[in-house]
Amino acid sequence: MTALAACGRINFDPVGGSGSVDASAVNCDPRAGQILFWVSLDDAAQQTVVGAPGAAVPVVADFVEGRCGGALRLDTQGDVLVVDQIDGSSTHVDFVRGSLEMWYRPLYNTADDQEHRLFGNSDYVMAGGIRITKAGAIGNNQLRVEPRDVNGFPAPITTVSAGDVPFVPNVWVHVAVAWDFTVPLSEQNARVYFDGVEAPTSVPSFGPVTMRTANDSQSFYVGGFDVDDPGSAAGLFDEVIVYADPR
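In short, a report on the structure. (Residues numbered from 1 in each chain as written. Predicted model: local features only at pLDDT ≥ 70, side-chain atom pairs only at ≥ 80, totals over all residues. Heavy atoms only, no water.)

A count of helical and extended segments in the protein gives two helices and 20 strands. Relative to its full complement of 247 residues, the protein shows a buried share of 53%. About 10100 Å² of surface is accessible on the protein, with carbon and sulfur atoms providing 52% of the total. (Helix = DSSP H or I, 4+ residues; strand = E, 2+ residues; numbered from the N terminus. Buried < 20%, exposed > 50% of the residue type's maximum accessible area, 1.4 Å probe, protein only. Areas by Shrake-Rupley, 256 points an atom, 1.4 Å probe, with all protein chains shown as cover.)

Below, the structure written as structure tokens:
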């Protein structure tokens, strides 16, 4: 998993004839790879680009101006985007190998000492899965990727120190988390990228983990861990894409 491969969606468009790049001209098209689920979050009527129509349901449909069209504001307790893990013939997430990529505009600084929950799944505690969190004071404001195996037992987490998490109020950042829990013991199994650049991990996790598969009776969540989650993502989300590969 390399920085370019894992976050190829952040490609800057060349300007002029010299091959220079304009950092303000960000390509909002997805990178190459197998997309399991893609929700534009432009508005309530036209959200799902790839995946089963109607599979993504926001608890509160607060659509605002976004980074690539519209965006969904998730800034109150229990305010999440609910997505079916499987809907009919469409599988929307793979907890064994895959990646989550999205634009995120936090309403806070990284070092705010508050926990902000970005991603989770409904059956995480009993059947495993992945949670992604910006920790609070107890967790030193780290960004954490927290897997649980197929039996619901916690697996080693991957953390990025607060100083390497570029969350600034009202500034868009592209966040990508890539995982591959089939790697050998010597290889890192999860990586985090901000604006296409791999972040250094203060606590890396290595080797294989026996992860569960998607469940057609369960959901995953963007902006929280559950519809009853007392936490808040405190931010705006745009162009949420789940891939079947960790590149």
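Having put the structure on the table, let's press on.
Ranked by size, the top nonpolar core spans 46 residues in total, and within it Ile130, Phe167, Phe194 and Phe237 carry the most contacts. Among the elements that make up this core, the one with the highest residue count is strand E16 (residues 173–180) (four residues). In this structure, Cys68, Ala71, Trp172 and Leu236 belong to the second largest nonpolar core, which totals five residues. (Core = buried A, V, L, I, M, F, W, Y, C linked by side-chain atoms within 4.5 Å.)

In this section: the sheet that holds strand E8 (residues 81–84). In a beta sheet, neighbouring strands pair by backbone hydrogen bonds and run either parallel or antiparallel. Taken in spatial order, the seven strands line up as E5-E8-E19-E12-E13-E14-E15 in an open sheet, and their pairing is antiparallel. What marks the edges here is a single partner per strand, and that holds for strand E5 (56–58) and strand E15 (158–160). The mean angle between the axes of side-by-side strands here comes to 15°, regardless of whether they run parallel or antiparallel. The sheet contact formed by E8 and strand E19 (residues 219–222) spans four bridges and is antiparallel. Of the residues in E19, the one forming a bridge with leucine 81 is valine 222. (Pairing = 2+ DSSP bridges. Axes fitted to C-alpha atoms, helices over the stretch in contact; angles between N-to-C directions.)

Turning next to the pattern of salt bridges. Scanning all chains against the criterion turns up nine salt bridges. Linking arginine 31 and glutamate 101 is a salt bridge whose minimum nitrogen-to-oxygen distance equals 2.8 Å. Here arginine 31 is found in the loop between strand E2 (20–26) and strand E3 (35–39), whereas its partner glutamate 101 is found in strand E11 (residues 97–106), with 70 residues between them in sequence. The buried category is assigned to glutamate 101, whose relative accessible area is 0%. Of the charged contacts, one joins aspartate 180 and arginine 97 as a salt bridge, the two residues approaching to 3.1 Å between their closest N and O atoms. With aspartate 180 in strand E16 and arginine 97 in strand E11, this pair connects stretches of sequence that are 83 residues apart. By relative accessible area, which is 32% here, arginine 97 ends up partly exposed. The structure contains a network of salt bridges with shared partners spanning Arg31, Glu101 and Asp245. (Salt bridge = Lys/Arg side-chain N within 4 Å of Asp/Glu carboxyl O.)

That's the geometry; what it means functionally is another story.
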